[in-house]
Amino acid sequence: MARLELDDITKHFDDDGETIVAVDDASIDIDDGEFLVLVGPSGCGKSTTLRMIAGLETITEGELRIGGRRVNEAKPRDRDIAMVFQSYALYPHMTVRENMSFGLEESTDLSEAEITERVESATDTMGISDLLDRKPSELSGGQQQRVALGRAIVREPEVFLMDEPLSNLDAKLRAQMRTELQRLQEDLDTTTVYVTHDQTEAMTMGDRIAILNDGILQQVATPLEAYHAPANQFVAGFIGEPSMNFFDVDLEGDSVVGDGLDYPVSDDVRAKLDTDALVLGIRPQDIELVDAVESGHDVAVTVDVVEPMGDENNVYLTFSDTAGNETFIANVDGRTLVDEGDDIVARIPEEAVHFFDRRSGEALRNREFDGDADVDLSL
Amino acid sequence: MRGKLAAYLGRLVRRNRIRADGGEVNATRDSGLVSDEFTSSLPYWLPPFVVMGLAVYGAILWNFFLSLTDSSGFGAPDYANLDFEMYARAFADPVFIGALRNTFALLVAFTVLCLVVGLVVAVLVDQGIRYENTFRTIYLLPMALSFVVTAQFWLWMYNQQNGLVNIILGVVGLGPYEWIGNPSLVLGAVVFALIWQFSGYAMVVYLAGLRAIPTEQFEAARVDGATTLRMYWRVIIPQLKGATISASVVLMVFALKAFDFLYSLTGSYYPPKGSDILATMMVRQAFVANNRAYAAAIGIMLFALALVVVAPYLLYQYRAGEL
Amino acid sequence: MTDTNTSSGRSWRSTALYAVLVLLVVFYLLPLWTGLMTSIKADVLATAPFLPPAPAGFTNIHWTRAINALAGGLVNSLILAIPATILSALLGSMAAYGLTTLDWRHQVPILMLFIAGIFIPYQAVLIPLSKFWASVVPVSDLVGYVGLAGWVGDLIGLILSHVAYGIPICTLLFRTYYKDFNGEMIEAARIDGATTHTIYRRIILPLSVPMFAVTLIYQFTQVWNDLLFALVLVGPGAGAPVTVPLSQLGASLSEVGFGIRMAGAFVAALPTIIVYVLFGDQFAEGVST
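Residues numbered from 1 in each chain as written. Chains lettered and ligands numbered in written order. Predicted model: local features only at pLDDT ≥ 70, side-chain atom pairs only at ≥ 80, totals over all residues. Heavy atoms only, no water.

(A) How the structure looks around the overall build of chain B. In terms of regular secondary structure, chain B is built from 14 helices and 0 strands. Mapped in sequence order, the helices and strands of chain B form the string α-α-α-α-α-α-α-α-α-α-α-α-α-α. The 323 residues of chain B split such that 56% are buried. (Helix = DSSP H or I, 4+ residues; strand = E, 2+ residues; numbered from the N terminus. Buried < 20%, exposed > 50% of the residue type's maximum accessible area, 1.4 Å probe, protein only.)

Have a look at this one:
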């Protein structure tokens, strides 16, 4: 088991003499036994980061340490890592047993008997003992996935690297494997870096999540911190489903004013807003639908579309007193009955409101969290 | 032009490396891994590259210099005195001009007709027929045969006394013709035999092209009310451009190599009168008349001819990301 | 329009389709059939060429003579084609691995040189090639030192020539195949600790078996069928591959010689026909790449 440290890691690609920065100055310390999820949209640099840890890409700048040892120049085989790929990458001409022994044969001096024993113990753990003599083409997607995981754990590496390992499974199996993977990681207590673009996986699996965008690390935090105290507007919008609603507003006296919105802010909140150009953010789950305007935090709205999801409804709203048809979403209980065209009132509670600097995107004020004062934003 | 090509190829390399999740930036790797991967790849491609490079490009270079000498007979060529005399001689030589004309005629007629026959047969085979594999196998069979073998068969087919071609034409009151002996007929006869041998190849290529077109397009065209003929003409055939190009290049190269066939018709370096092409003329000049430099010049011109056909094709293939 | 109309229209069309397809079968097989019938006729001019001989007119003399005339050539062709085919396939697979699976900068221009090599007209290299084996590396003399006849040397030169000129097409065939391999599989092997060499030996080679079948079959046919190199590098004589004597067979006998010519054509083509009938699909794959 080992600590994994990324120290100012940068990756440049050369494109026709033009330099493309794929990962810019990323620093993450991953504790021994920690499960870290790297998440971000396509092209954000998360796979590149993982491949640099694996040794499949070179590191342009910075230092990578596994267990305190610098491994920038080490070949993949000398890094004591195992990786699970999106396509599983099983060797099609080998049986499950051969697939799992391959790495031990190539990278260790274990005797044949020891290899057999380790392979069988790993297949026991993964519940695939009865598949040992099958070839990958004879296995279902879920079974191949288990073999791919088994091939990684049989190596007993210091670090597991996983590149979207569940994205080829159907939704039901994916949910099931998610839990199983978590349990497995807890049992083995192996440091794990897990890449995904699926924020549900990020939220449910990681001890901490690292959010990347455009090659730049946005925030490293526990899932709850990232949700309730996002470091910036990107994280706020990326984490959470449906996405946080954003309104461009300007600070005018005691209120923030935007298109269709005139929202009074308390002194406490205003003290944190050190600029006038702001973005107000509110999660759909925090908006309440009420019948009448009772305070300045209530806004008259018209129901545009209702998406019933069963246990909840996504209600698309527009401000009643503007001509614009920009919508925002309220996520309410499934039994709340509203219809398209209804004129109702949306309540935006001040304790749940986020404010971001419109230019830098930096979070100036996050919602109240744990009943305590605002969470420390430093990384 | 060269810079453009290099930049283009560079883009191509990178495009191939775009990863499954869509947008991942994955351009060329930088120094460390490159040199590593390069060094470890050397034992694999360098030995075949050296062998092939010497055999192909080394020999062409040597041949080119030889073509600039005046070497003939058994004396060693004098490489000190180089000029383009042999090329000038070629264009003043009526035999060369005739062979050149025949080469072009063969090239064009053979390629075009082969493509047409191949396309028609491919469309027929693509109608969801039973025993498709058997039909396909039979149509492609002649291609597996040697030019030497097919030349024997067609010599007999074209025989004036008891050849099947004349017998069939006799039924409708034509002939008999002296197909191989008549200088104005022999080239046509050769083209026909070669079409018999290679149209199966064009069929296989077209069939692969047809199979690559999604079934929905056939169905959509039908729903749009197109007749079968119009559907093929307006929807399907335009999409077979790639197949047409690659098939015609390979066919042209086959046609340039038709030496074996023409040699076997007579069993000598002198093909039937009226069917001399550059390929046969070159070998004759080299190994019968011993005009080495002259033969080398003809070889270089054949190479140039192949280059004119192949270079744009390779570029096209790269552009399509096929190679 | 009623249903009966449509279905009868359809069945008419389908009948016409199969009629055309069968006519095409006749077209493609007729020269071979005619040749076969002629090869077993005592008098090739006695009946129409495509008709079988009358019982009294049957003879196997053409076949016996053809086999006698070509037996040496057949053996030479086998000695030539088998090693040449295996060697070029192996070298092609190695080159394709080094230029496809192993991924480095500027490999595309190198690859282009390989592929352009497929389309070289042999006339452009013929004189240097014959000079090379005659004076630079005079194999026919060299084998004399180990007590072998000159034609063995010629044959070795011919084998190596076919290997060299077969490399480009073999490289392309394997390249197309390797390009579709899952890149993550190779990376997984690398993380599993495999070296470049073990990846080739334990992953790429075992997975190449189907492509080896395609390449071997295609290349075998090409080498077996060649006349030009055989003629120039070996010529008629003890070392000649079967195409050389076949091209001369019966030529001096005019019409009467067609019996032996047809029989000879079949004898010489038999190995390729057998390979084709057994592995037609692989051959089709080879040509359509």
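(B) The UniProt feature "domain: ABC transporter" (unreviewed entry) in chain A, seen in detail. The sites that carry the UniProt feature "domain: ABC transporter" (unreviewed entry) are, in the present numbering, residues 4-239 of chain A. Split by type, residues 4-239 of chain A is 36% helix and 28% strand. Its first and last C-alpha atoms lie 25 Å apart. (UniProt positions renumbered as here; feature names shortened; annotations may be inferred.)

(C) Inspection of the UniProt feature "transmembrane region" (unreviewed entry) in chain B at higher detail. Residue and element names in this part refer to chain B. Within this structure's numbering, the places UniProt gives as "transmembrane region" (unreviewed entry) are residues 44-65, 104-125, 137-156, 163-180, 186-208, 240-259 and 293-316. Its end C-alpha atoms 31 Å apart, residues 44-65 is made of 100% helix and 0% strand. Annotated as 100% helix and 0% strand, the span residues 186-208 places its first and last C-alpha atoms 33 Å apart.

(D) Representation of the UniProt feature "domain: ABC transmembrane type-1" (unreviewed entry) in chain B within the structure. According to UniProt, the feature "domain: ABC transmembrane type-1" (unreviewed entry) maps to residues 100-311 of chain B in the numbering used here. For residues 100-311 of chain B, helix accounts for 72% and strand for 0%, while the C-alpha atoms at its two ends are 21 Å apart.

(E) The pairing of strand S2 (residues 18-30) of chain A, seen in detail. Residue and element names in this part refer to chain A. One ladder, built from 9 bridges, connects strand S1 (residues 4-15) with S2; its direction is antiparallel. Bridge pairing in S2 links Asp15 to Glu18. Between the antiparallel neighbours S1 and S2 lie 2 residues, among them Asp16 with a positive phi of about 50 degrees. (Pairing = 2+ DSSP bridges.)

(F) Up close: the side chain of B:Ser248. Residues and elements named next belong to chain B. The residue Ser248 is located in helix H11 (residues 241-256) in this model. Of note is the side chain of Ser248, whose polar atom sits 3.0 Å from the backbone oxygen of Ile245. Apart from residues no more than four positions distant in its own chain, Ser248 is found in contact with Thr111 and Leu115. (Polar contact = N/O pair within 3.5 Å; in protein donor to acceptor, adjacent residues only side chain to side chain. Contact = heavy atoms within 4.5 Å.)

(G) Geometry of the domain arrangement of chain A. Residue and element names in this part refer to chain A. Structurally, chain A comprises domain 1 (4-233) and domain 2 (245-365). Centre-to-centre, using C-alpha coordinates, domain 1 lies 39 Å away from domain 2. Contact residues are listed per partner, giving 7 residues for domain 1 and 9 residues for domain 2. Surface buried jointly by domain 1 and domain 2 totals about 640 Å² across both partners, of which 54% is contributed by carbon and sulfur atoms. Where domain 1 touches domain 2, the interface holds 3 residue pairs in polar contact (both at pLDDT 80 or more). No other element matches the 3 residues that helix H7 (residues 223-228) contributes to the side of domain 1 that touches domain 2. Looking at the side of domain 1 that touches domain 2 residue by residue, the classes come out as 4 nonpolar, 3 polar and no charged. (Domains from an automatic or database assignment. Buried area = accessible area lost by both parts, 1.4 Å probe. Nonpolar A, V, L, I, M, F, W, Y, C, P; charged D, E, K, R; others polar.)

(H) A look at the pairing of strand S17 (residues 312-319) of chain A. Residue and element names in this part refer to chain A. Most of S17 is tucked away: 6 of the 8 residues are buried. As paired strands, strand S16 (residues 298-308) and S17 are joined by 7 bridges and run antiparallel to one another. In the strand pairing of S17, Glu307 is matched with Asn314. Turn length for the S16-S17 hairpin, with the two strands adjacent in sequence and antiparallel, is 3 residues, and the turn residue Gly310 shows positive phi of about 95 degrees.

(I) Spotlight on the confidence of the model for chain A. For chain A, per-residue confidence averages 90 on the pLDDT scale, and residues scoring 70 or more make up 97% of the total. This stretch, residues 371-379 of chain A, has a pLDDT under 50; its non-local contacts, to residues over four places away or in other chains, come to 14 contacts. (pLDDT = per-residue confidence, 0-100.)

(J) Representation of the packing of aromatic side chains within the structure. Taken as a whole and judged by the stated rule, the model has 50 aromatic pairs over all chains. Summarising the aromatic geometry, the rings of B:Tyr139 and C:Tyr28 are spaced 5.2 Å apart at their centres and angled 40 degrees between planes, so their arrangement reads as tilted. In this pair, B:Tyr139 sits in helix H5 (residues 132-140) while C:Tyr28 sits in helix H1 (residues 3-39), so the two residues belong to two different chains. No difference in accessibility class separates B:Tyr139 from C:Tyr28, as the two residues are buried. One aromatic cluster in this structure is built from B:Phe135, B:Tyr139, B:Trp154, B:Tyr158, B:Tyr177, B:Trp179, B:Phe192, B:Trp196, C:Phe27 and C:Tyr28. In this arrangement the basic side chain of A:Arg151 is found over the ring face of A:Tyr91, its NZ or CZ atom lying 4.8 Å from the centre. One cation-aromatic arrangement involves B:Arg89 over B:Tyr294; the distance from NZ or CZ to the ring centre is 4.0 Å. (Phe/Tyr/Trp six-rings, centres within 6.5 Å; stacked < 30°, edge-to-face > 60°. Lys NZ or Arg CZ within 6 Å of the ring centre and 35° of its normal.)

(K) Focus on the interface of chain B and chain C. If you look at the interface, chain B gives 100 residues, while chain C gives 98 residues. When chain B packs against chain C, close to 9100 Å² is buried across both sides, 73% of that on carbon and sulfur atoms. It is B:Tyr44, B:Phe153 and B:Trp156 in chain B that bury the most area against chain C; as a group they hold 9% of the surface buried on that side. Across the chain B-chain C interface, the total number found is 1 salt bridge. Measuring nitrogen to oxygen at the nearest pair gives 3.5 Å for the salt bridge that ties C:Arg190 to B:Glu37. Between chain B and chain C we count 26 residue pairs in polar contact (both at pLDDT 80 or more) in total. Tallied by class, residues from the side of chain B that touches chain C come to 69 nonpolar, 20 polar and 11 charged. (Salt bridge = Lys/Arg side-chain N within 4 Å of Asp/Glu carboxyl O.)

(L) Broad picture of a nonpolar patch on the surface. All names here are of chain B. Together, Leu61, Phe65, Tyr79 and Leu82 give the surface a local cluster of nonpolar side chains, amounting to about 360 Å² of exposed area. As for its position among the elements, Phe65 is in helix H2 (residues 31-68). Overall, the relative accessible area of 38% leaves Phe65 in the partly exposed class. (Patch = residues over 30% accessible without salt bridge, like charges linked within 9 Å, V, L, I, M, F, W, Y side chains within 5 Å. Areas by Shrake-Rupley, 256 points an atom, 1.4 Å probe, with all protein chains shown as cover.)

(M) View of the packing of helix H2 (residues 61-101) of chain C against helix H12 (residues 258-288) of chain C. Residues and elements named next belong to chain C. Two elements in contact, H2 and H12, have axes whose closest approach is 8 Å; the angle formed by their N-to-C orientations is 45 degrees. Comparing their axes, H12 and H2 come out oblique. The element H2 and its partner H12 pack so that their crossing is right-handed. Judged by residue contacts, His62, Trp63, Arg65, Ala66, Ile67, Leu70 and Leu74 of H2 engage Gly259, Ile260, Ala263, Gly264, Phe266, Val267 and Ala268 from H12. Counted by class, the contact of H2 with H12 contains 10 nonpolar, 3 polar and 1 charged residues. (Axes fitted to C-alpha atoms, helices over the stretch in contact; angles between N-to-C directions. Parallel < 35°, antiparallel > 145°, perpendicular 65-115°, else oblique. Left-handed = near helix turned anticlockwise from the far one by under 90°.)

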